[in-house]
Amino acid sequence: MAQKFEIVTLKIDGKDIGARGGETILDVAKENNIWIPALCHLEGLTPVGACRLCIVEIKNYRNPLPACVTKVFEGMDIITHSEKLSHYRRLIMELILSERTHICAVCSVNGYCELQELAQKLGVDNIRFPMLLNRLPVDSSHKRFVRDDNRCILCGRCVRACTEIEGAHTWDFMGRGLNARLTCDLDESWGLSQTCTGCGKCTQVCPTGALIEKGIPPSQRRNKRDFLPYLTKMRKGEEDNE
Ligand code: FES
């Protein structure tokens, strides 16, 4: 059956681009080899716009909008890189880094951390805010996994992978503001979870050292994300058949 979708024309950084209506700015940028920083976003999981690092400027819009959850429309004029955006992105990154204990030199995923990589790309080499350095408990009660909330940036990738792909919904969020954190089975220790299947998807999508699998070198974590494209393909199939 012929696929039906609306084509929209827009500009990204001055370049004329054609896209499918309903696509997000981030997707369209990727298809056209335009890099926009993104952290909470991971292709294959539902975008939620949690980190705000993917903000872009849109002509006639007063405030920048997150590219991962903003859909393209006809005539859109988007700027992905500007002094203003660099300033905001660095500010956001510094706030993320100052909220928990992100000290790369003593982190088990040093050199294999998406947060670290992105901070370097954005030119963040110091933090202007006092670091909170809360001492949150580390949960190593599970025989295969460790959870360290001190390294968690609340991106929600683990929550989405566990719910949307594994269907277990072991993870969720609890608390608000500075007290927000992950919760396992309504605040149970991981080793006592009644819902965790032990699939390890949460550890494979975690961009930092917050969720890790014991005995697995951090360099191998991202190699095991082969479950992600299936959901993307399935969703695309659903959209195309509508
Ligand atoms: S990647 Fe878009 S808000 Fe995090």
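Residues numbered from 1 in each chain as written. Predicted model: local features only at pLDDT ≥ 70, side-chain atom pairs only at ≥ 80, totals over all residues. Heavy atoms only, no water.

Caption draft 1: Main features of the nonpolar core. The biggest cluster of nonpolar side chains holds 20 residues, and the ones touching the most others in it are Leu39, Leu53, Met93 and Leu115. Of all the secondary-structure elements, those providing two or more residues to this core are helix 2 (83-99) and helix 3 (114-121). At five residues, helix 2 tops the list of elements feeding residues into this core. Counting contributing residues, this core receives three or more from each of domain 1 (7-81) and domain 2 (87-229). The contacts of leucine 115, once residues within four sequence positions are left out, are Leu39, Met93, Ile96, Leu97, His102, Ile153, Pro207 and Thr208. Among the nonpolar cores identified, the runner-up in size contains 19 residues, and Val8, Ile17, Val28 and Ile58 belong to it. (Core = buried A, V, L, I, M, F, W, Y, C linked by side-chain atoms within 4.5 Å. Buried < 20%, exposed > 50% of the residue type's maximum accessible area, 1.4 Å probe, protein only. Helix = DSSP H or I, 4+ residues; strand = E, 2+ residues; numbered from the N terminus. Domains from an automatic or database assignment. Contact = heavy atoms within 4.5 Å.)

Caption draft 2: Spatial organisation of the sheet that holds strand 5 (residues 77-79). Here we have five strands laid out as an open sheet, ordered 2-1-5-3-4, and mixed in their pairing. The outermost strands of the open sheet, each flanked by one partner alone, are strand 2 (15-20) and strand 4 (65-66). The sheet contact formed by strand 3 (residues 55-58) and strand 4 spans two bridges and is antiparallel. The partner of valine 56 across the bridge, within strand 4, is leucine 65. (Pairing = 2+ DSSP bridges.)

Caption draft 3: How the structure looks around the pattern of salt bridges. Evaluated as defined, the whole model comprises nine salt bridges. Here glutamate 43 and lysine 30 are joined by a salt bridge, their closest N and O atoms 4.0 Å apart. Within this pair, whereas glutamate 43 is found in the loop between helix 1 (25-31) and strand 3, its partner lysine 30 is found in helix 1, the two being separated by 13 residues in sequence. Here lysine 201 and glutamate 166 are joined by a salt bridge, their closest N and O atoms 2.8 Å apart. Taken together, the residues span a long stretch of sequence, with lysine 201 in helix 5 (residues 201-205) and glutamate 166 in the loop between helix 4 (157-165) and strand 8 (171-174) at a distance of 35 residues. For lysine 201, a relative accessible area of 13% gives the class buried. In this structure, a network of salt bridges that share partners links the residues Glu114, Arg157 and Arg225. (Salt bridge = Lys/Arg side-chain N within 4 Å of Asp/Glu carboxyl O.)

Caption draft 4: Summary view of the side chain of glutamine 116. With respect to the element layout, glutamine 116 can be found in helix 3. Separated by 2.7 Å, the side chains of glutamine 116 and asparagine 110 make a polar contact. If we ignore the near neighbours within four places in the chain, the residues touching glutamine 116 are Cys104, Val109, Asn110 and Gly111. (Polar contact = N/O pair within 3.5 Å; in protein donor to acceptor, adjacent residues only side chain to side chain.)

Caption draft 5: Focus on the packing of helix 2 against helix 3. Two elements in contact, helix 2 and helix 3, have axes whose closest approach is 10 Å; the angle formed by their N-to-C orientations is 145°. Helix-helix and strand crossings are classified by hand; for helix 2 and helix 3 the assignment is left-handed. Residues Met93, Ile96 and Leu97 of helix 2 lie in contact with helix 3, whose contacting residues are Leu115, Leu118 and Ala119. Each residue belonging to the contact of helix 2 with helix 3 can be placed in one class, and the counts come to six nonpolar, no polar and no charged. (Axes fitted to C-alpha atoms, helices over the stretch in contact; angles between N-to-C directions. Left-handed = near helix turned anticlockwise from the far one by under 90°. Nonpolar A, V, L, I, M, F, W, Y, C, P; charged D, E, K, R; others polar.)

Caption draft 6: Region of the structure containing the sheet that holds strand 10 (residues 211-213). With respect to topology, three strands assemble into an open sheet ordered 6-7-10, the strand pairing being antiparallel. The two strands at the open ends of the sheet, each matched to only one other strand, are strand 6 (138-139) and strand 10. By the bridge criterion, two bridges tie strand 6 to strand 7 (residues 145-148) in an arrangement that is antiparallel. Counted as the bridge partner of valine 138 is aspartate 148 from strand 7.

Caption draft 7: A look at the packing of aromatic side chains. Taken as a whole, this structure holds three aromatic pairs when the rule is applied. Ring pairs connect the aromatic residues Phe145, Trp171 and Trp190, which therefore count as one cluster. Sitting over the ring of phenylalanine 227, lysine 201 keeps its end group 5.3 Å from the ring centre. (Phe/Tyr/Trp six-rings, centres within 6.5 Å; stacked < 30°, edge-to-face > 60°. Lys NZ or Arg CZ within 6 Å of the ring centre and 35° of its normal.)

Caption draft 8: Spotlight on the domain arrangement of the protein chain. Once the domains are mapped, the protein chain shows domain 1 (7-81) and domain 2 (87-229). The centre of domain 1, based on its C-alpha atoms, is set 25 Å off from the matching centre of domain 2. Counting residues at the interface gives 23 residues for domain 1 and 22 residues for domain 2. A combined buried area of about 1700 Å² lies between domain 1 and domain 2, and 67% of that area is made up of carbon and sulfur atoms. Per-residue buried area on domain 1 facing domain 2 is highest for Leu39, Leu45 and Leu53; these three make up 37% of the total on that side. In this structure, the connection of domain 1 to domain 2 is made through zero salt bridges. (Buried area = accessible area lost by both parts, 1.4 Å probe.)

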